[in-house]
Structures are given as C-alpha cells and as structure tokens.
Amino acid sequence: MNYIIAPSILSADFGNLQRDIEMINQSEANWFHVDVMDGVFVPNISFGFPVMAAVKKHAAKPLDVHLMIVEPDKYIEEFAKAGADRITVHYEACTHLHRTIQLIKASGCKAGVALNPHTPVTLLQDVIEDLDLVLIMSVNPGFGGQAFIHNTYKKIKDLKNLIQGVNEDLVIEVDGGVGLQNIATLVSAGANAFVAGNAIFATENPTDTIAKMKQLTSNAVSI
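Thresholds applied
- Residues numbered from 1 in each chain as written.
- Predicted model: local features only at pLDDT ≥ 70, side-chain atom pairs only at ≥ 80, totals over all residues.
- Heavy atoms only, no water.
- Pairing = 2+ DSSP bridges.
- Helix = DSSP H or I, 4+ residues; strand = E, 2+ residues; numbered from the N terminus.
- Axes fitted to C-alpha atoms, helices over the stretch in contact; angles between N-to-C directions.
- Buried < 20%, exposed > 50% of the residue type's maximum accessible area, 1.4 Å probe, protein only.
- Lys, Arg positive; Asp, Glu negative; His and termini not counted.
- Salt bridge = Lys/Arg side-chain N within 4 Å of Asp/Glu carboxyl O.
- Contact = heavy atoms within 4.5 Å.
- UniProt positions renumbered as here; feature names shortened; annotations may be inferred.
- Polar contact = N/O pair within 3.5 Å; in protein donor to acceptor, adjacent residues only side chain to side chain.
- Parallel < 35°, antiparallel > 145°, perpendicular 65-115°, else oblique.
- Left-handed = near helix turned anticlockwise from the far one by under 90°.
- Nonpolar A, V, L, I, M, F, W, Y, C, P; charged D, E, K, R; others polar.

Novice: Please set out the sheet that holds strand E6 (residues 133-137) residue by residue, giving values where relevant.
Specialist: The eight strands are arranged E1-E8-E7-E6-E5-E4-E3-E2 in an open sheet whose pairing can be described as parallel. Of all the strands in the sheet, the pair left with one neighbour each is strand E1 (4-7) and strand E2 (32-37). Strand-to-strand, the axes of this sheet are offset by a mean angle of 25°, without reference to chain direction. Relative to strand E5 (residues 110-115), strand E4 (residues 86-90) is paired through five bridges, and the arrangement is parallel. What sits directly across from His90, in E5, is Ala114.

Below, the structure is given as structure tokens:
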C-alpha cells in the first residue's frame, strides 16, 4: 500500500512560504495539507483564497484542503477553483451532509468528511459509500502542537470495520499529534494517510523527517 504523508502548511514559515512549498515538492511527501479555519467553527483563524492561490501556484503535489469552517457549502466551488484536489468538511458543521458531499464531487474534487474526537464513526454509515476520505481528528481542531488522543486508534479500527465490503478504497487520514513516535502504530490500526505539521516543520531537517515517516509506514504492518 502507498501510505500518504501530508505536511500541513499551517506549520510552515509564512515569511518563507515558497521555500517550504519547494521543500515539500522535493521531499517524499505526497500531498499538501491546507487547514482553513474561520474563527467560528474553531477558535482560530488561518487563511483563505489568496494563500491557497499562492500555494497552488508553486505546489507540484495535490492540495488536500481541510475546511474547519461553518457553512462550507458557500465556499466549496471557490476552493475547487483555487486548486483543491480534495475537500474535507466536518460532520459537525454540515446539517445536510449528503448534499455537501455531492457538491464537493460536482465541483470536480474528491470528497472527505472529518470527525472531531467526540464524534463516533458510526454516524457516517449512511454516506460512507459516497466518500473518498475520512479524516479522524486525533486532537481537538483549531491549534497545532496538541497532545495525541489515544482513543484515535479505536476509531481507526472502527472505521476499518465500517468500510469492509462497502468502500474498501477509502482513505483513512489522521490529523493531530502525528509524528515519528506513533505513525507506525497508526498504520497498524489501519490508517493510510497522515497529516503532520510541527512534527515536520519544527525539526532541523524537515525533508529528512518526511523520509523517516515514509520509511516507518513502509515497515509497519497494517491490519
């Protein structure tokens, strides 16, 4: 299996954003993870379309856009036009989740749904066939550098069970507190895509850290 490393540009140096984008381009990373926060759904504000456009201009790999915002339907088409390859919305932010998923697909993007730590994966049962990705938050969304929530392992296994015989090509992505210390265990639980911010950008050699992450995923045994 090809395991996906998706560095979060939220942790990049915004004074040297092009430099960090080029680093990801030249590394073994697979995607750019783009965290969009509105200060309403989460207690933080990140960036919007101008930064997205700047990233897209220089990125040589797909943009994995994670919308931590209320009323995401209003902005899906614009994020698609700005260069998103995948758009993930939060279950907790979508009153009409099926409609939102179909809107993402109609915009030409892969569709994902994120679950906060308190949200059980069983709530996705009626839409799981329509999804390309499920993002399991292993911290409470809004800020980087939080401690990993260990119940995440159980949620990954529950999701693996949910997709058996239904949507086995689904990407299971984990975001929050992911690093060299736990990425192999996450693979063993059943995850196959990993978002990492500080664990990459705060290291002395981010390119080498990404390579080590890829090596650990390759050596791990998945269920």
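Now that the structure has been shown, the text picks up again.
Novice: Could you give an account of the side chain of Arg86, naming the residues involved and the relevant values?
Specialist: Structurally, the position occupied by Arg86 is in strand E4. Although Arg86 is buried, it makes no salt bridge; Asp64 carries the closest opposite charge, 5.4 Å away. Other than its neighbours up to four places away in sequence, Arg86 contacts Trp31, Pro62, Leu63, Asp64, Val65, Lys110 and Leu133.

Novice: Explain helix H1 (residues 17-26) to me, and be specific about the residues and the numbers.
Specialist: Looking only at H1, the buried set comprises Leu17, Asp20, Ile21, Met23, Ile24 and Asn25. Structurally, H1 contributes buried residues whose contacts are with E1, E2, helix H2 (49-58), helix H7 (198-201) and helix H8 (206-219).

Novice: Summarise the UniProt feature "active site" (unreviewed entry) in the chain; cite the residues concerned and give the values.
Specialist: Following the UniProt record, the feature "active site" (unreviewed entry) maps to Asp35 and Asp175 here. Judged by maximum C-alpha separation, these annotated positions cover 141 residues in sequence but sit close together in space, the widest gap being only 10.4 Å. Looking at Asp35, the relative accessible area reads 5%, which means it is buried. For Asp35, the contacting residues outside a window of four places in its chain are Ser8, Leu10, Ser46, Phe47, His66, Met68 and Asp175. A distance of 3.0 Å separates the side chain of Asp35 from the side chain of His33, its partner in a polar contact. In contact with Asp175, not counting residues within four places along its chain, are His33, Asp35, His66, Leu135, Ile136, Met137, Ser138, Val139 and Val195. Reaching out from Asp175, the side chain makes a polar contact with the side chain of His33 at a distance of 3.4 Å.

Novice: Which residues make up the UniProt feature "binding site: substrate" (unreviewed entry) in the chain, and what are the values?
Specialist: On the UniProt side, "binding site: substrate" (unreviewed entry) is annotated at positions that read Ser8, His66, Gly142, Phe143, Gly144, Gly145, Asp175, Gly176 and Gly177 here. For His66, the location among the structural elements is in strand E3 (residues 63-68). When sequence neighbours within four positions are dropped, the list of residues in contact with His66 reads His33, Val34, Asp35, Val36, Thr88, His90, Ala114, Leu135, Met137 and Asp175.

Novice: Any chance you could break down the packing of H1 against H2 for me, citing the residues and the numbers?
Specialist: Interhelical geometry of H1 versus H2 gives an angle of 45° and a closest axis separation of 9 Å. Considering their axes alone, H1 and H2 lie oblique with respect to each other. The hand of the H1/H2 crossing is right-handed. Across the interface between the two elements, Leu17, Gln18, Ile21, Glu22 and Asn25 from H1 touch Val51, Ala54, Val55 and His58 from H2. Residues belonging to the contact of H1 with H2 are distributed by class as follows: five nonpolar, three polar and one charged.

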